[in-house]
Structure formats: C-alpha cells, structure tokens
Amino acid sequence: MGRMQGFGTTIFAEMSALAVRTGAINLGQGFPDEDGPAGVLAAAVASIEGGGNQYPPGPGLPVLRRAVAEQRRERYGLDYDPDTEVLVTVGATEAIASAVLALTENGDEVIAFEPFYDSYAATIALSGAVLRPVTLRPSGGRFTFDPGELRAAVTPRTRAILVNTPHNPCGTVFTGEELAEIAALCVEHDLVAITDEVYEYLTFDDAVHRPLAAFEGMRERTVSISSAGKTFSVTGWKTGWVCAPARYVDAVRTVKQFLTYVGSGPWQEAVAHGLAHELDWVEALRKTLQSKRDRLMTGLEAAGFTVLRPQGTYFVQADISGLGHTDGLTLARALPELAGVVCVPTQVFYADPSRGARYVRFAFCKKDEVIDEAVARLRRL
C-alpha cells in the first residue's frame, strides 16, 4: 500500500459512475460514441470466427508488428525491425507502465509535463522513482512549457522524461522547436525519452505531429508508444505498441510478460488491417473531430467558459473562473445536478492540484446532437 497511498479510484471511473447515477451527459471520459471503420470491425469478427482465439506470440502477432513498423517508416521515416524493435501491448497504458518499470530504478527521477494522464504518476510511484513535474501554462492561446523550467528540473538522478504529444488533457501539439529543446536536453544528459503518441493522427488546423524519435540523437534513446484505440475509435480493444531499440524492447517485454502476458489476438489482426487499409477513414475522423471541437468550443464560450483552442486529441480545456468558480473538482462533482453534464476536473492531473484548479476538461468525441444538448444544458450556469 505504501507506494500507492494517495492513488484511489481514477477520476474517470468516478465521473463516469456519476454520469450513470444522475443520467447526465458524459463529456468526461474520452471515448467516442460511434464505432470505428467497418473493415476493422469485420476483420476482428473474421479472426474470431477463423479460430484466432488462443494466445498470440508474446511480442504480438507478426502481422501487426510488421504493420506498425511500416506505419512508422511511411509516416515518419523511422525504421524499426518488426522482429526485435516492435512490441504489442495491452493498450498504451500498459506500454507506459512497462517502460517506466523496466527502465527506472528506485530513487531515479522521471520528468513529466503536467497536467499529465493520471497513470503517469501512479506508474512512477510503483517503480519507486520520483516524479519531477514541469508545468504547461497557457501562452498565445495554447499550453506550453518554459525551457528554463524544463532544464532546471534535471538533476544527477534524472533517468527519463515522459513526453505526451498530442497532449492529453491540454490538446497541445508540441512544435518542432519545443521538441528540439527536449531532444537536446535528453542528449546532453543521457536521458531516456518515453513518448505517448496515442493521438498522433488526431491533430487540427495546421498542427502536425512529429515523433521525438525523429530528432537528432533520439532514435537510439526513445521508447515510442502508440495505440489503436483513439485512431480507430476502438478504445475498448486496448491494443497498443512500443517501438524502440532492441535493448529497450527486451527490457519492456520482460516486465510486460508478467503483467498481462499477451493481448487479444483478434484485435491485433484487426488493427493490422486498419493500419494497412483504413487510414482514409482515420483522416475523415480527424476532420469530423475538428468540426466537433469547434462546435463544443462555441457552445462553451456561449455558456460563459473561457476556452483554449486544442490542436489535437479529444479534449477542450475550459477556464471556470469567468463563471465565478474557483475549484474545478467541486464544480465537476456538482455539475450533473446543476446542468446535467459531466466533465473532468483538470486539477487531478497535477502534482499540486492548486495549479489546475481553474480548469475542467470536456470531451468532444461525441455525436453532434449530444454536444448540442450538453451545451444547451450548460447554459443554465
């Protein structure tokens, strides 16, 4: 219990349960309310009916590892050997946990940009390492970091840095300049970079996702992580992957095999089909989500929130101070009764919750009519 003191039920479980209990519209947890491409779903059914229901190989089905390697090569110009440098995991969350547990030791320090996905802090605690947060703050209509604060966070005990771009929950897509700053720091201090890129396809306007591994000196020190859940709107399949140098993949696999051993074979076959044949569907999804983002932002502003324009992901950050509120957690717990809508308080994603108390997060990966009804309810505030 010692290492996990302070980590109770996740905020996503709490707020989703609150939505069910009150009948509120759930704009809290980031899952779409429409299924992914028909071809991907059909491939999963075909695999099940074709007998692909036993344990797949520990590293993952070769067809998916090859598809992942081809995706990294075609999209980013990064070459990975599918046999030794790609590992299939049970979602990105397991990949992140396995990487942190494998590559850090008791007392090591891990830098992460806050607000951060809630599993980061829990995983670092499980490993016995120490979290060193660097805060993202609004600047020019988006969240970003101060390079000086990032450099000041490095100590002789720093072992790794966790980088999430496109960023959940802020919606920031790190620029080339920002990534170059991170890369230079990693090379200078011999740090391992663990990158969470699950929203890699879901960027908006002129924002472009660039993997940190593509920067000079980073291919050999980066553990790149992504997954199928957000890309193909199949969040319940929990199929992710790691791309990294063989020595890191070996280390991550050693941990992963004692967590879940392997993931579902039919989902792996279906995701391989998706990466090879359904990326036009993904591009259409990206455009649809951009429209939904704009729809939700307009409605939130009309309801009195101040919003920051996300460049990627599923989420909008809304400043509640203009409505006379100062504590996002209190408002989030009251909002189902006040307006019949559920959001997520951003402060739970900070090492010091006071730094994020004025923000709540709304998800826009919902049907237009759901967004419109939620916005109409929020106007009651």
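Residues numbered from 1 in each chain as written. Predicted model: local features only at pLDDT ≥ 70, side-chain atom pairs only at ≥ 80, totals over all residues. Heavy atoms only, no water.

- As named in an unreviewed UniProt entry, the chain is Pyridoxal phosphate-dependent aminotransferase, taken from Actinocorallia longicatena.

### Some remarks on the layout of surface pockets
Consideration 1: Put simply, the second largest pocket is a space of about 440 Å³.
Consideration 2: Lining the second largest pocket are 21 residues, with Gly30, Thr93, Tyr117, Lys230 and Lys238 positioned closest to its centre.
Consideration 3: A total of four residues in the lining of the second largest pocket trace back to one element, the largest contributor, which is helix H4 (residues 91-103).
Consideration 4: Residue composition of the lining of the second largest pocket, by class: eight nonpolar, nine polar and four charged. (1 Å grid on protein atoms, 1.4 Å probe; cavity = no way out; pocket = protein on both sides within 12 Å on 5 of 7 lines; lining within 4 Å. Points joined across faces, edges and corners; volume = space filled by probe spheres on them. Helix = DSSP H or I, 4+ residues; strand = E, 2+ residues; numbered from the N terminus. Nonpolar A, V, L, I, M, F, W, Y, C, P; charged D, E, K, R; others polar.)

### Describing the sheet that holds strand E4 (residues 130-135)
Consideration 1: Taken in spatial order, the seven strands of this open sheet run E2-E10-E9-E8-E7-E3-E4, and their pairing is mixed. Every other strand in the sheet has two partners, leaving strand E2 (86-89) and E4 as the edge strands with one partner each. Sheet twist, expressed as the mean angle between neighbouring strand axes with direction ignored, is 20°.
Consideration 2: Where strand E8 (residues 192-196) lies against strand E9 (residues 222-227), four bridges are found, and the strand directions are parallel. Bridge pairing in E9 links threonine 195 to serine 224.
Consideration 3: The strands touched by helix H8 (residues 246-256) are E2, E8, E9 and strand E10 (240-243); relative to E2, the strand with the most contacts, the crossing angle is about 25°. (Pairing = 2+ DSSP bridges. Axes fitted to C-alpha atoms, helices over the stretch in contact; angles between N-to-C directions. Contact = heavy atoms within 4.5 Å.)

### A few points about the state of the cysteines
Consideration 1: Following the criterion strictly, the structure yields zero disulfides and no others.
Consideration 2: No disulfide involves cysteine 243; its sulfur sits 18 Å from that of cysteine 186, the nearest cysteine.
Consideration 3: Taking relative accessible area as the criterion, cysteine 243 reaches 1% and is therefore assigned buried.
Consideration 4: Unpaired in terms of disulfides, cysteine 343 finds its nearest cysteine sulfur in cysteine 365, a separation of 14 Å. (Disulfide = S-S within 2.5 Å. Buried < 20%, exposed > 50% of the residue type's maximum accessible area, 1.4 Å probe, protein only.)

### Comments concerning the pattern of salt bridges
Consideration 1: One pass over the full model with this rule turns up 27 salt bridges.
Consideration 2: For glutamate 200, the salt bridge goes to arginine 72, with nearest N and O atoms at 3.5 Å. Remark: arginine 72 occurs in helix H3 (residues 62-76) and glutamate 200 occurs in the loop between E8 and E9; sequence separation between them is 128 residues.
Consideration 3: On the basis of relative accessibility, which here comes to 2%, the residue arginine 72 falls in the buried class.
Consideration 4: The salt bridge partner of arginine 309 is aspartate 294, with a shortest N-O separation of 3.6 Å. Remark: aspartate 294 occurs in helix H10 (residues 279-302) and arginine 309 occurs in the loop between strand E11 (306-308) and strand E12 (315-319); sequence separation between them is 15 residues.
Consideration 5: Members of the salt-bridge network, linked through shared partners, are Asp205, Arg293, Asp294 and Arg309. (Salt bridge = Lys/Arg side-chain N within 4 Å of Asp/Glu carboxyl O.)

### Overview of helix H7 (residues 176-189)
Side chains three or four residues apart in an α-helix point the same way, a direct result of the helix having 3.6 residues per turn.
Consideration 1: For H7, with 14 residues, the first-to-last C-alpha span of 20 Å sits near the 20 Å given by 1.5 Å per residue.
Consideration 2: Within the span of H7, buried status applies to Glu178, Leu179, Ile182, Ala183, Leu185 and Cys186. Taken around the axis of H7, the buried residues stretch over an arc of 160°, which confines them to a single face. In H7, the exposed positions angled more than 90 degrees off the buried face are occupied by Glu177 and Glu188.
Consideration 3: Lining the buried residues of H7 we find strand E3 (109-114), strand E6 (142-144), helix H6 (147-152), strand E7 (158-164) and E8.
Consideration 4: Aspartate 190 lies just past H7 and shows a positive phi near 55°. (Expected span 1.5 Å × (residues − 1). Arc of directions from axis to C-beta.)

### Some remarks on the sheet that holds E11
Consideration 1: Spatial strand order, E11-E12-E15-E14: four strands in an open sheet with antiparallel pairing. Two strands in the sheet have a free side with no partner beyond their single neighbour: E11 and strand E14 (344-345).
Consideration 2: Where E14 lies against strand E15 (residues 359-363), two bridges are found, and the strand directions are antiparallel. Looking at E15, one finds that valine 344 is bridged to arginine 361.

### Quick notes on the packing of helix H1 (residues 11-22) against helix H11 (residues 328-339)
Consideration 1: At a closest axis distance of 9 Å, the pairing of H1 and H11 adopts a crossing angle of 20°. When the interaxial angle is binned, H1 and H11 end up roughly parallel. Handedness of the crossing formed by H1 with H11: right-handed. The segment H1 lies against H11, with Ile11, Glu14, Met15, Leu18 and Thr22 engaging Leu329, Ala332, Arg333, Pro336 and Glu337. (Parallel < 35°, antiparallel > 145°, perpendicular 65-115°, else oblique. Left-handed = near helix turned anticlockwise from the far one by under 90°.)

### A few points about the side chain of lysine 366
Consideration 1: Locating lysine 366 in the fold gives a position in the loop between E15 and helix H12 (368-378).
Consideration 2: Aspartate 33 is the oppositely charged side chain nearest to the buried, salt-bridge-free lysine 366, at an N-O distance of 5.6 Å.
Consideration 3: Among the polar contacts made by the side chain of lysine 366, one reaches the main-chain carbonyl oxygen of phenylalanine 31 at a distance of 2.6 Å.
Consideration 4: Dropping the residues within four chain positions of it, lysine 366 is found in contact with Asn26, Leu27, Gln29, Phe31, Asp33, Lys292 and Ile371. (Lys, Arg positive; Asp, Glu negative; His and termini not counted. Polar contact = N/O pair within 3.5 Å; in protein donor to acceptor, adjacent residues only side chain to side chain.)

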